[in-house]
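One-letter residues, chain by chain:
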Amino acid sequence: MTGPSPSSPTAVGRSRSRERPAVGGGGGRRPEPLSVVMGTVSATHPERPNLNDPEPVSEGQLTGRVRRLIADRARALIAETCGDMAEAVKLRHCGLHLRFGLHDVAVERHPDGYAYTTGLQTCGSVWACPICSFKVRMKRATELAVAIAIHRSRGGSVFLLTLTTQHTWGEALGSVWSDVQDVWAFITSHYRYRKLKEELGMGFVRTIEVMHGHNGWHPHLHVLLFTDVAVDRFDDAPVFDRIAKTFHDLWVRRMVEHHGRDVKSSYGVDLRPVKDDGADGVGMYCTKAGYEVAMADGKEGRTRTSRHPFAIAYDAVDTGDTADIGLFREWVRGSHGRHMWSWSQGLRQKLGLGDEKTDEELAAETDETIERVCTISPRLWKQIVMTRIGLRAQFLSVLDDEGDHLDDAIELLASHGLLVVVEQRSSGPPRLRGSDEPRRL
Ligand SMILES: [Zn+2]
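What you see as residue numbers is a count from 1 along each chain, following the sequence as written. Residue-level local features of this predicted model are given only where pLDDT is at least 70; pairs of side-chain atoms are given and counted only at 80 or more, and the full residue set underlies all totals for whole chains, interfaces and linings.

## Quick word on the packing of helix H1 (residues 64-82) against helix H13 (residues 391-400)
Helices that pack against each other are described as a pair by the angle of their axes relative to one another and the distance between those axes.
Moving on, step 1. Two elements in contact, H1 and H13, have axes whose closest approach is 8 Å; the angle formed by their N-to-C orientations is 160 degrees. Here H1 is positioned roughly antiparallel relative to H13, judged by the angle of their axes. In the packing of H1 onto H13, the handedness of the crossing is right-handed. Here Arg65, Arg68, Leu69 and Asp72 of H1 come into contact with H13, specifically with Arg392, Ala393, Gln394, Leu396, Ser397 and Asp400.
Moving on, step 2. In the contact of H1 with H13, the residues fall into three nonpolar, two polar and five charged. Axes here refer to lines fitted to C-alpha atoms; in helices the fit is confined to the stretch in contact. Angles between the N-to-C directions go from 0 to 180 degrees. A run of DSSP states H or I qualifies as a helix once it reaches four residues; a run of E qualifies as a strand once it reaches two. Both are numbered from the N-terminal end. Roughly parallel means an angle under 35 degrees; roughly antiparallel means over 145; roughly perpendicular covers 65 to 115; every other angle is labelled oblique. Crossing handedness is defined as follows: a turn of the near helix away from the far one that is anticlockwise and smaller than a right angle gives a left-handed crossing, while the clockwise case is right-handed. Each residue gets a C-beta atom placed from its backbone, and two residues are in contact if those atoms lie within 7 Å. For this classification, Asp, Glu, Lys and Arg are treated as charged, while Ala, Val, Leu, Ile, Met, Phe, Trp, Tyr, Cys and Pro are nonpolar and the rest, including Gly, are polar.

Structure (structure tokens):
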């Protein structure tokens, strides 16, 4: 675990001024051009919010750098357009302010090569913050993959259950969401479920995913079922069918009778085994199943007819569409305080996973580092983040590659009007501050 160390008061060392005129372009290595995913693009829009005219994104391959850039812009837009909401207070400070007791932001290099920052407050919102959400869900997905691998190595079986229901345009998000939660609670307390649980040694990890489409908000459940008793879909067809029928019957009955919602017979309840394609395939399938549950918006966050809430925010960055911004505000309000994850009692302990960390704890965890690239004054950092064109992501991308690219990164900041002074210190990495800031003594 690492964090930015406060600058040593004796470590002033040499300093050199790097003031440059605030003109576009500049020399050195330019940040890589944006060629990105995220669907239809409208470069101009009369209602576009004030985002300092970010470049539009276009179709292409979603790389880590591009994902970071899109997430950066989306978070800036969300902070700007939802910042007045009580539900978004923490998000407003996320990635902007230092943690208590620290003096500088630090840029670290991960063993995989990429650059990232430490020392900043994080909001930990899996629903509203694209940056925290990605980090938390990646960690959850990895843990799920481990859970599946452990369970299978002990001879157990794992199934992926998906439960969906009818919803209509204009229906409040909270209404459908609460119904889905209610029906799951109904199922897991029903004697038929408890009987299966005892007979097969069954436990579950339940996550909820929400999309928005022609028929409004669409929350649905992804559930990983773990059975101690090995159940093969073909060799043990009656048992497999009984699992499927139990969930189907209870889900449909409660949805129809109690909430007046239809369930499509074709895909309302879907149960499938997490496959095992031999020894080499197990790890891959475990990982895939874990990610399928944890990273539901990873498939670029959209289908032909619906969008993940983050895809709505990404679209709003491109188009400034006020309807999309309104939708995202509805999303922030409706999702606030809801739990994305739920483990059945005792399953984590059985798999030796220990206590579950909260989303906030996972978002605040510091990654591995092999090198501290530089530190940055809090004031300069705020200026970088507040430019709202994804300058934070562009800055980090320049520093991603091996070697000393600090000059290029400073050049990038200068091209956006941020004049930087580099303080070389007798020990530790260089410190960056604004040219109008006093040197720290
Ligand atoms: Zn956050």
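## Side note on the nonpolar core
Moving on, step 1. Linking buried Ala, Val, Leu, Ile, Met, Phe, Trp, Tyr and Cys residues through C-beta atoms within 7 Å yields a set, and such a set is a nonpolar core. Note on burial: count the other C-beta atoms lying within 10 Å of the residue's C-beta; 20 or more is buried, 12 or fewer is exposed, in between is partly exposed, and C-beta positions come from the backbone. Among the nonpolar cores identified, the biggest contains 101 residues, and Ala74, Ile78, Leu225, Trp251, Ala313, Phe328 and Phe395 are the most heavily contacted of them.
Moving on, step 2. Among the elements that take part in this core, H1 stands out by supplying ten residues, more than any other.
Moving on, step 3. Among the domains, domain 1 (15-119 + 366-434) and domain 2 (132-307 + 338-354) are the pair contributing at least three residues each to this core.
Moving on, step 4. If we ignore the near neighbours within four places in the chain, the residues touching Phe328 are Ile78, Cys82, Pro309, Ile312, Ala313 and Ala316. These domain boundaries are the output of an automatic or database domain assignment.

## As for the environment of Thr122
Moving on, step 1. Turning to its location among the elements, Thr122 is positioned in the loop between strand S3 (115-118) and helix H3 (130-153).
Moving on, step 2. A residue is classified by how many C-beta atoms lie within 10 Å of it, and Thr122, with 23 of them, is buried.
Moving on, step 3. Among residues more than four places away in sequence, those in contact with Thr122 are Cys94, Gly95, Cys132, Ala363 and Ala364.

## Comments concerning helix H12 (residues 378-386)
Moving on, step 1. Among the residues of H12, Leu380, Trp381, Ile384 and Val385 are the ones counted as buried. Along H12, the residues classed as buried sweep out an arc of 135 degrees about the axis, all on the same side.
Moving on, step 2. Tucked into the core, H12 has its buried residues touching strand S2 (105-109), strand S10 (371-376), H13, helix H14 (406-415), strand S11 (420-423) and strand S12 (431-434). By construction, the arc corresponds to the directions joining the helix axis to the C-beta atoms.

## Some remarks on the pairing of S3
Moving on, step 1. The alternating pattern of S3 places Ala115 and Thr117 on a buried face and Tyr116 and Thr118 on a face that is not buried.
Moving on, step 2. Relative to S3, S2 is paired through four bridges, and the arrangement is antiparallel. Bridged to Ala106 within S3 is Thr118.
Moving on, step 3. When DSSP finds two or more bridges between two strands, those strands count as paired. Two successive antiparallel strands, S2 and S3, enclose a turn made up of five residues, where Gly113 displays a positive phi of approximately 110 degrees.

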